[in-house]
Amino acid sequence: MPEISQRTLLGLIAALLVLCFIPFDLEANDVFFGPLFDAGHFALFFIVTAALEQFHPRRTRAELIWKFAPLLCACGAILSIEAVQPYFGRTASFADIRNGVLGACAGSLAWAAC
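Remember, it's a predicted structure, so these values are computed and weren't measured experimentally. (Residues numbered from 1 in each chain as written. Predicted model: local features only at pLDDT ≥ 70, side-chain atom pairs only at ≥ 80, totals over all residues. Heavy atoms only, no water.)

Caption draft 1: Seen up close, a nonpolar patch on the surface. Together, Val 84, Tyr 87 and Phe 88 make up a nonpolar patch on the protein surface, roughly 340 Å² of accessible area in all. Summarising the element assignment, Val 84 is placed in helix H4 (residues 69-84). Assessed through its relative accessible area of 31%, Val 84 is described here as partly exposed. (Patch = residues over 30% accessible without salt bridge, like charges linked within 9 Å, V, L, I, M, F, W, Y side chains within 5 Å. Areas by Shrake-Rupley, 256 points an atom, 1.4 Å probe, with all protein chains shown as cover. Salt bridge = Lys/Arg side-chain N within 4 Å of Asp/Glu carboxyl O. Helix = DSSP H or I, 4+ residues; strand = E, 2+ residues; numbered from the N terminus. Buried < 20%, exposed > 50% of the residue type's maximum accessible area, 1.4 Å probe, protein only.)

Shown next, in the form of structure tokens:
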């Protein structure tokens, strides 16, 4: 994957995570936008986790917690976001959590495969 600076990475992650709190009033075409936003959770956390993997400090000892630190951070962010979304006019959803975790796992695996 191409190298990006930490500042650019943090800006990208911040911008993507802000999208989780913007209330969308798209009831008119829920058939289209519902699945689109569900897929968006996968893509969002794929990108976030793959970006976190770039700056993950690799240790020489195989410590389990350090191997999965970016994935655990992304999953913690997913749970935190879903917990506070009702306070921002959005609804929490187990499907969003599932899609986010699947995206985070895919991002981590994609980075490991590179």
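Caption draft 2: Main features of the packing of H4 against helix H5 (residues 94-113). Where H4 contacts H5, the axes come no closer than 10 Å and their chain directions differ by 165°. Taken as axis vectors, H4 and H5 run roughly antiparallel relative to one another. Where H4 crosses over H5, the two elements pack in a sense that is right-handed. Mapping the contact onto sequence places Leu 71, Ala 74, Cys 75, Ile 78, Leu 79 and Glu 82 in H4 and Asp 96, Ile 97, Gly 100, Val 101, Ala 104, Cys 105 and Ser 108 in H5. Among the residues forming the contact of H4 with H5, the class breakdown is nine nonpolar, two polar and two charged. (Axes fitted to C-alpha atoms, helices over the stretch in contact; angles between N-to-C directions. Parallel < 35°, antiparallel > 145°, perpendicular 65-115°, else oblique. Left-handed = near helix turned anticlockwise from the far one by under 90°. Contact = heavy atoms within 4.5 Å. Nonpolar A, V, L, I, M, F, W, Y, C, P; charged D, E, K, R; others polar.)

Caption draft 3: Fine view of the packing of aromatic side chains. This structure, assessed with the given rule, holds one aromatic pair. Relative to Phe 46, the ring of Phe 42 has its centre 6.4 Å away and its plane inclined at 20°; by these criteria the two rings are stacked. Taken together, the positions of Phe 42 and Phe 46, both in helix H2 (residues 30-54) and four residues apart, correspond to about one turn of that helix. Using a relative accessible area of 36% as the deciding quantity, one classes Phe 42 as partly exposed. (Phe/Tyr/Trp six-rings, centres within 6.5 Å; stacked < 30°, edge-to-face > 60°.)

Caption draft 4: Spatial organisation of the environment of Ala 77. When you line up the elements, Ala 77 lands in helix H4. Here the alpha-carbon distance between Ala 77 and Leu 17, two residues 60 residues apart in the chain, equals 8.9 Å.

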